[in-house]
Amino acid sequence: MIDEQLALWRAYDWQLVRGAALQPVMQMALDEALLDAVAAGYRLPTLRIWEWAASAVVIGRFQSLRNEVDPDGAQRHGIHVVRRITGGGAMFIEPGNTITYSLYAPASLVAGMSMVQSYAFCERWVLEALASLGVEAWHQPINDITSAAGKIGGAAQIRRSGALLHHVTMAYDIDSARMMEVLRIGREKLSDKGIASAARRVDPLRRQTGLPREAIIERMIETFRSRHGLADSPLTAEEQSAAERLAETKFATEEWIRTVP
Amino acid sequence: MHGEYKVPGGKLIVVDLDIVDGSMQRVTLSGDFFLEPAEALDWMAAAIEGLPVATPAETIAERVRTAAAAAELLGITPEGVAEAVRRATQGDVP
């Protein structure tokens, strides 16, 4: 089974994008631009490791802005509020506190899998990398990466025009007090989790590994490279300008951010 | 009016609506679920828009199911939407 899974990955010529730190709105735009580029065949299947240039709340495609974000708290701390193209829940990001990455691939990578199966499939290499660092983590349906000590991260996917975007944010460190000033987390959401505090549900990788963030990212890249193959592939000028256009005309607009008010 | 329902093992469904002359108006759905295509969010809201407040949950769920028949839903169910609507119309805010 594992060998069959590896063969699925090995059918593609994987590329790595690791660029400069970007503003949150550009991160959203680049995700869409690279998904479109893979869908159109301009770009080979790609792993992108994100670096954040500013703190952000990233809300899911279908979340209500006012239900999720405390605007005063966000403004007080200079936190950007952006909406992504995938569903799922709000994330609080501070540069250096998360490990975020995206996979852009032909949807054939996950052909025949249910959505939940495809989350698990896309996370195997990360779980292997974490295991090699002593963190026993697993996929918790629907879309969580979790461990005995607590939740580590969450994934989201979208399939469009024959291409798949799978992106993940894992907590490296967390300022729970600040998070609670910015995110509105209702009691109903926690009703079947049996835990009163949203902050306590997360156990970040810094505490679990004691390693620098960079070391964890390097291990993830090594693991991906040895399992699936990986070649460096910087963003092209076309991809960069496509993302800038999308940032300006879509992701930075009030219309998009308030698409679910 | 505002109602929330967390689908057991799934995601949070939030319904906001107004009640005007006994019917549900300006219905919006939101939450941390997954939907493809994204337009299905509007299809489902439109299936509830204008219904009498007293519409049975089974009817709401059936209308939502039909509206979203061409969509893929993850973490959200038509029954869950109906429950969130019931909570909104009964002022049963958790």
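Look up: the structure comes first, before these words.
A. Structural detail: the overall build of chain B. Helix and strand counts for chain B stand at three helices and five strands. Starting at the N terminus and ending at the C terminus, chain B contains elements arranged as β-β-β-β-α-α-β-α. Its C-alpha atoms give chain B a radius of gyration of 12 Å, within 12% of the compact-globule value 12 Å for 94 residues. Considering only C-alpha atoms, chain B reaches an extent of 35 × 25 × 20 Å along its principal axes. Taking all 94 residues of chain B together, 48% fall into the buried category. Contacts spanning at least 24 positions in sequence make up 58% of the contacts within chain B whose residues lie at least 6 apart.

B. Geometry of the overall build of chain A. Each helix and strand in chain A was counted, giving ten helices and eleven strands. Relative to a compact globule of 261 residues, whose C-alpha radius of gyration would be 18 Å, chain A shows 18 Å and is just as compact. Over its C-alpha atoms, taken along the principal directions, chain A stretches across nearly 45 × 45 × 35 Å. Buried positions account for 42% of the 261 residues belonging to chain A. Considering only intrachain contacts with a sequence separation of at least 6, the fraction spanning at least 24 residues in chain A is 77%.

C. A look at the interface of chain A and chain B. With 20 residues of chain A at the interface, the matching set in chain B holds 20 residues. For the side of chain A that touches chain B, the residue count by class is five nonpolar, nine polar and six charged.

D. Structural context of helix 5 (residues 115-132) of chain A. Residues and elements named next belong to chain A. If you check helix 5, its first and last C-alpha atoms are 27 Å apart, about what 18 residues at 1.5 Å a residue would give, namely 26 Å. The largest bend along helix 5 measures about 45 degrees and falls at Arg-124. By the burial criterion, the buried members of helix 5 are Ser-118, Tyr-119, Cys-122, Glu-123, Trp-125, Val-126, Ala-129 and Leu-130. Against strand 6 (98-106), strand 7 (137-140), strand 8 (144-147), strand 9 (150-160), strand 10 (163-171) and helix 8 (213-228) lie the buried residues of helix 5. Taken from the residues just after helix 5, Gly-134 is the one with a positive phi, measuring 90 degrees.

E. The sheet that holds strand 2 (residues 12-20) of chain B, seen in detail. All names here are of chain B. Spatially, three strands are ordered 1-2-3 in an open sheet, and the strand pairing comes out antiparallel. In the strand order of this sheet, the two ends are held by strand 1 (2-6) and strand 3 (23-31), each with one partner. Strand after strand, the sheet turns through a mean of 20 degrees between neighbouring axes, direction not considered. In terms of strand pairing, strand 1 meets strand 2 through five bridges, oriented antiparallel.

F. Quick peek at the nonpolar core. By size, the foremost hydrophobic cluster in this structure holds 65 residues, and its most contacted members are Ala-29 and Val-57 of chain A. If you tally residues by element for this core, the top one is helix 2 (residues 24-40) of chain A, at ten residues. Leave out the neighbours within four places in its chain, and Ala-29 of chain A touches Ala-243, Leu-246, Ala-247 and Phe-251 of chain A. Formed by 32 residues, the second largest nonpolar core is a distinct cluster that contains Ile-142 of chain A together with Val-15, Leu-41 and Val-81 of chain B.

G. Examining unusual backbone geometry more closely. Ile-142 of chain A follows Pro-141 of chain A through a cis peptide bond whose omega is 15 degrees. Cis rather than trans, the peptide bond between Glu-36 of chain B and Pro-37 of chain B has omega equal to 0 degrees. Note on placement: Pro-37 of chain B falls in the loop between strand 4 (34-36) and helix 1 (40-48). In this structure, Asp-21 of chain B is a non-glycine residue whose phi angle is positive, near 50 degrees. For Arg-26 of chain B, which is not glycine, the phi torsion reads 50 degrees and is therefore positive.

H. How the structure looks around the sheet that holds strand 4 (residues 80-83) of chain A. Residue and element names in this part refer to chain A. Taken in spatial order, the three strands make up an open sheet running 4-3-5, and their pairing is mixed. Looking at which strands have only one partner, the edges of the open sheet turn out to be strand 4 and strand 5 (91-93). If you compare each strand with its neighbour and ignore which way they point, the axes differ by 20 degrees on average. As judged from the four bridges shared by strand 3 (residues 56-59) and strand 4, these two strands associate in the parallel manner. Directly across from Ile-59, in strand 4, lies its bridge partner Arg-83. The sheet contacts of helix 2 involve strand 3 and strand 4, and relative to strand 4 the element is tilted by about 15 degrees.

I. Fine view of the packing of helix 2 (residues 57-67) of chain B against helix 3 (residues 78-89) of chain B. All names here are of chain B. Running from amino to carboxyl end, helix 2 crosses helix 3 at an angle of 130 degrees, the nearest separation of the two axes being 8 Å. Relative to helix 3, the element helix 2 lies oblique. In terms of crossing hand, the pair formed by helix 2 and helix 3 is right-handed. Residues Ala-57, Ile-60, Ala-61, Val-64 and Arg-65 of helix 2 form the contact with helix 3, whose participating residues are Pro-78, Glu-79, Val-81, Ala-82, Glu-83, Val-85 and Arg-86. Partitioning the contact of helix 2 with helix 3 into residue classes produces eight nonpolar, no polar and four charged.

J. Spatial organisation of the pairing of strand 8 of chain A. Residues and elements named next belong to chain A. Pairing geometry for strand 7 and strand 8, over four bridges, is antiparallel. Considered in strand 8, the bridge of His-139 is made with Ile-145. Once strand 7 ends, the chain turns through three residues before running back antiparallel as strand 8. Bridging between strand 8 and strand 9 involves four bridges; their strand directions are antiparallel. Looking at the pairing, Thr-146 lines up with Lys-151 of strand 9.

Cut-off values and rules
Residues numbered from 1 in each chain as written. Chains lettered and ligands numbered in written order. Predicted model: local features only at pLDDT ≥ 70, side-chain atom pairs only at ≥ 80, totals over all residues. Helix = DSSP H or I, 4+ residues; strand = E, 2+ residues; numbered from the N terminus. Rg over C-alpha atoms; globule rule 2.2 N^0.38 Å. Buried ≥ 20, exposed ≤ 12 C-beta atoms within 10 Å, placed from the backbone. Contact = placed C-beta atoms within 7 Å. Nonpolar A, V, L, I, M, F, W, Y, C, P; charged D, E, K, R; others polar. Expected span 1.5 Å × (residues − 1). Bend = angle between axes of the 7 residues up to and from the residue. Pairing = 2+ DSSP bridges. Axes fitted to C-alpha atoms, helices over the stretch in contact; angles between N-to-C directions. Core = buried A, V, L, I, M, F, W, Y, C linked by C-beta atoms within 7 Å. Parallel < 35°, antiparallel > 145°, perpendicular 65-115°, else oblique. Left-handed = near helix turned anticlockwise from the far one by under 90°.

As far as function goes, none of this settles anything; it's purely spatial.
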